[in-house]
Amino acid sequence: MKVNTQSVNFTADKKLIDFIQKRMDKLDLFYDKVISSDVYLKLENTSDKENKIFEARVNVPGDSLVVKKQCKTFEEGADMAVASLERQLKKRKEKLRAHL
């Protein structure tokens, strides 16, 4: 799956982008009709430790799923977002099966 990663107000290193690609590729196991996905990495200007925002939009036929997580690290945000997207994709697949 093609993952478009955009980092806002900073430059993401190659390891982080590879990590996100690997995590997002796991979504293909749960739903094989994923068209593309966009990931936005944002840094919030606060003194709070959880200032990293991981936002993912996954495009599937007829819809797009959006998840936004705020965590201490982008890796943690990616893990949480992918887990949430897994649940959404499984639910979507079950609904489609029910209509057949």
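Up top you'll find the structure we're talking about.
Residues numbered from 1 in each chain as written. Predicted model: local features only at pLDDT ≥ 70, side-chain atom pairs only at ≥ 80, totals over all residues. Heavy atoms only, no water.

**Details of the side chain of S84**
Moving on, step 1. The residue S84 is located in helix 2 (residues 74–99) in this model.
Moving on, step 2. Judged by relative accessible area, which is 11%, S84 ranks as buried.
Moving on, step 3. Non-local contacts of S84, meaning those with residues more than four positions away in its chain, are made with V67 and K69. (Helix = DSSP H or I, 4+ residues; strand = E, 2+ residues; numbered from the N terminus. Buried < 20%, exposed > 50% of the residue type's maximum accessible area, 1.4 Å probe, protein only. Contact = heavy atoms within 4.5 Å.)

**Considering the pattern of salt bridges**
Any two side chains of opposite charge can pair if their charged atoms end up close together.
Moving on, step 1. In total, this model carries six salt bridges according to the counting rule given.
Moving on, step 2. D32 serves as the salt-bridge partner of K33, at 3.9 Å between the closest nitrogen and oxygen.
Moving on, step 3. On the basis of relative accessibility, which here comes to 48%, the residue K33 falls in the partly exposed class.
Moving on, step 4. A salt bridge links K42 to E55; the nearest nitrogen and oxygen atoms lie 3.2 Å apart. You can see K42 sitting in strand 2 (residues 36–43) and its partner E55 sitting in strand 3 (residues 52–60), a full 13 residues away along the chain.
Moving on, step 5. Under the relative-accessibility criterion, K42 is labelled partly exposed at 27%. (Salt bridge = Lys/Arg side-chain N within 4 Å of Asp/Glu carboxyl O.)

**Description of the nonpolar core**
Moving on, step 1. I20, M24, V39, L41, F54 and L85 are the most contacted members of the largest nonpolar core, which totals 22 residues.
Moving on, step 2. Broken down by secondary-structure element, the contributors of at least two residues to this core are helix 1 (14–25), strand 2, strand 3, strand 4 (63–71) and helix 2.
Moving on, step 3. The biggest single contributor to this core is helix 2, with six residues.
Moving on, step 4. When neighbours within four sequence positions are excluded, L41 is seen to be in contact with T5, Q6, S7, V8, F10, A12, L16, I20, I53, F54 and F74. (Core = buried A, V, L, I, M, F, W, Y, C linked by side-chain atoms within 4.5 Å.)

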